[in-house]
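Notes for the structure review
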Amino acid sequence: MKNIKVITVIITLSTIVFLGCGKKESDDSLPDNITVGISDAISFPVSGSNKSAFLGVDPLTGEEIYMHLRNFIYLGELSADLVQDMMISLKKHNINHSTTFSYESSYDGKNKDVVVKENVSINDTTWDFCLTVSDEELGTALQLFWNINPLEVIAILQPGAFDFSTTRNPNAMIKIEYSENYPDYDKTMIVSITRIDSTSRQYMSNLKFFAGKNGDIISLYGNSIHPHMALLNENHNNGRCFCFQARNNVPNDIAIARIALPTILQTDMSNIWVDYSVDKVLTEEIDIVYANVDQATLNDIKYVFLANAIGPAYFTGEQGFVSNASNIPDDEGFTQDFMNMTGLTPWAPSEINQMTITFSTDSTVVN
């Protein structure tokens, strides 16, 4: 988790800002951590406000597309940090049994009601605890379900209800699913975000990604939905989905990633990395947009946009993208085992495009 006091979730200049911290209380059952720490190599904000905010304002090269992946993962990770900090801010109330209480929020000065239940069943799953924070005017703000041993957590947040002073994306919904009970990983995190506000054509509406930590290695896959994205061809329909798979060596601060760019309506993922590879999609759009230029000019255009488009891409530290395809960096961490991304398959774009996040209203206390 990044050590940031001001948590900023930026999606196309839409920002959720939250200030908070919390100390560990010994007599408390709330989890201390629900995140998986990803290193800068694959989780870092894109520099330059225009391009980080409006994908496609200037046509994106293959290298810039790979660099934007770091931004999406960074945004998702900061969303998880946001939820975690809000959860930790409640630890001072020493929550370890069923209870109800109210408090004045230090974030917006508004009254919040808290209901804690034990042994709650929802969707055929029983949880040790369920906590719901509600704003007296705006309704449900935060909902947590968790089991203590092994630790499993579902957290759902509506930022605007938890902090009324939030001016960007107040109606966004953020969901974090954290587990230390996954057979192939030490711990896992799934970040989902919906209901993002934007007036930009290139905005991201939904995001979902999985991060699983096994020792020093984090495996990732996921999707970001851009309903009206145009890379080069302004007449392209049905937007684009950034489908990605990646691996991150945290101590070495290196990463490898592959991206596919199907439309948001795509349902078949069987050949996604070939049919919608970055270089193939860019080539198809170049051929459409520059259909009437001479061959020499066309070759020059393709050289600019496709020079670093062939995947996979390699990343190191804050620099991010360093090379791609067969040009593997001279770093001992880029072993064949590390670069094997078999099985890291994103969700179908159509599924993430239609994804919704809601608070649970159907829970039953198990006696």
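Now for a quick tour of the structure. (Residues numbered from 1 in each chain as written. Predicted model: local features only at pLDDT ≥ 70, side-chain atom pairs only at ≥ 80, totals over all residues. Heavy atoms only, no water.)

1. A word on the overall build of the protein
Selection criterion: The helix and strand labels rest on DSSP assignments: H or I over at least four residues marks a helix, E over at least two residues marks a strand, and numbering proceeds from the N terminus. Exposure categories follow from relative accessible area, calculated using a 1.4 Å probe and restricted to protein chains: below 20% of the type maximum is buried, above 50% is exposed, and the middle band is partly exposed. Between two residues, a contact is recorded if the distance between any of their heavy atoms is within 4.5 Å. The protein chains shown are the only cover counted for residues, whose accessible areas, like all others here, come from Shrake-Rupley with a 1.4 Å probe.
When helices and strands are counted, the protein shows seven helices and 16 strands. The proportion of buried residues among the 367 residues of the protein is 55%. Excluding contacts between residues fewer than 6 apart, the proportion of contacts in the protein whose partners are at least 24 apart in sequence is 60%. Accessible surface, the protein: about 15800 Å² in total, of which carbon and sulfur atoms supply 45%.

2. Section: the nonpolar core
What counts, and what does not: Working definition of a nonpolar core: buried Ala, Val, Leu, Ile, Met, Phe, Trp, Tyr and Cys residues. They are joined through side-chain atoms within 4.5 Å.
By size, the foremost hydrophobic cluster in this structure holds 76 residues, and its most contacted members are L131 and F209. For this core, the leading source of residues is helix 2 (residues 62–88), giving 14 residues. Once residues within four sequence positions are removed from consideration, L131 is found in contact with L30, L90, I95, V114, V115, V116, L142, Q143, L144 and W146. Among the nonpolar cores identified, the runner-up in size contains 24 residues, and C241, I256, F334 and M341 belong to it.

3. Concerning the packing of aromatic side chains
Remark: the centre distance and the inter-plane angle together describe each pair of aromatic rings, the angle taken between the planes. We apply this condition: Only rings of Phe, Tyr and Trp enter the pairing, Trp through its six-membered ring, and a pair is recorded when the two centres are within 6.5 Å. The plane angle decides the type: under 30 degrees is stacked, over 60 is edge-to-face, the rest tilted. Only when the NZ of Lys or the CZ of Arg is both within 6 Å of the ring centre and within 35 degrees of the ring normal is a charge said to sit over the ring.
One pass over the full model with this rule turns up 13 aromatic pairs. Residues F129 and W146 carry aromatic rings whose centres are separated by 5.1 Å and whose planes lie at 15 degrees to one another, so their mutual orientation is stacked. In this pair, F129 sits in strand 5 (residues 125–135) while W146 sits in strand 6 (residues 139–147), placing the two residues 17 residues apart along the sequence. Relative accessible area serves as the criterion here: at 5%, F129 is assigned to the buried category. Taking the relative accessible area as the measure of exposure, W146 reaches 1% and is therefore buried. With a centroid separation of 5.9 Å and an interplanar angle of 70 degrees, the aromatic rings of F334 and F338 are classed as edge-to-face. Like F334, the residue F338 is buried in the burial classification. Lying over the aromatic face of F164, K110 brings its terminal NZ or CZ to 5.1 Å of the ring centre. A cation over a ring is seen here: K208 above W347, with NZ or CZ 4.5 Å from the ring centre.

4. Some details on the pattern of salt bridges
Put simply, the rule reads: Every case where a carboxyl oxygen of Asp or Glu lies within 4 Å of a side-chain nitrogen of Lys or Arg is listed as a salt bridge.
Per the stated rule, a full pass over the model turns up eight salt bridges. Among the ionic pairs, K91 bridges to D32, the shortest N-O distance being 3.3 Å. With K91 in the loop between helix 2 and strand 3 (99–104) and D32 in the loop between strand 2 (14–19) and helix 1 (49–53), this residue pair connects regions lying 59 residues apart in the sequence. By relative accessible area, K91 is classed as buried at 1%. Residue D32 is classed as partly exposed on the basis of its relative accessible area, which comes to 37%. Taking the shortest distance from any N to any O, the salt bridge between D287 and K302 comes out at 3.0 Å.

5. Let's talk about the packing of helix 5 (residues 278–289) against helix 6 (residues 295–306)
This is how the line gets drawn: Every angle, taken between N-to-C directions, lies between 0 and 180 degrees, and every axis is a line fitted to C-alpha atoms, over only the stretch in contact when it is a helix. Angle categories are assigned with fixed cut-offs, so that under 35 degrees is roughly parallel, over 145 is roughly antiparallel, 65 to 115 is roughly perpendicular, and the rest are oblique. In this scheme, a crossing is called left-handed if the near helix is turned counterclockwise away from the far one by less than a right angle; it is called right-handed if the turn is clockwise. Just so you know the grouping, Ala, Val, Leu, Ile, Met, Phe, Trp, Tyr, Cys and Pro go in nonpolar, Asp, Glu, Lys and Arg go in charged, and all remaining residues, Gly too, go in polar.
Interhelical geometry of helix 5 versus helix 6 gives an angle of 150 degrees and a closest axis separation of 10 Å. Viewed along their axes, helix 5 and helix 6 adopt a mutual orientation that is roughly antiparallel. When you trace helix 5 past helix 6, the crossing you get is right-handed. Facing D279, L282, T283, I286 and D287 of helix 5, the residues of helix 6 in contact are L298, I301, K302, F305 and L306. A class-by-class count of the residues in the contact of helix 5 with helix 6 yields six nonpolar, one polar and three charged.

6. A few points about the state of the cysteines
Cysteine pairs can be linked by a disulfide, which is a covalent bond between their two sulfur atoms. Test applied: Sulfur atoms of two cysteines make up a disulfide when they are within 2.5 Å.
Throughout the structure, instances matching the rule amount to zero disulfides. With no disulfide of its own, C241 has C243 as its nearest cysteine by sulfur position, at a separation of 3.6 Å. On the basis of relative accessibility, which here comes to 0%, the residue C241 falls in the buried class.

7. Describing helix 2
Stated formally: How far a helix is expected to stretch is found by multiplying one less than its residue total by 1.5 Å.
Its 27 residues place the ends of helix 2 40 Å apart at the C-alpha level, agreeing with the 39 Å of an ideal helix rising 1.5 Å per residue. Of all 27 residues that make up helix 2, 24 are buried, and the element is covered over most of its length.

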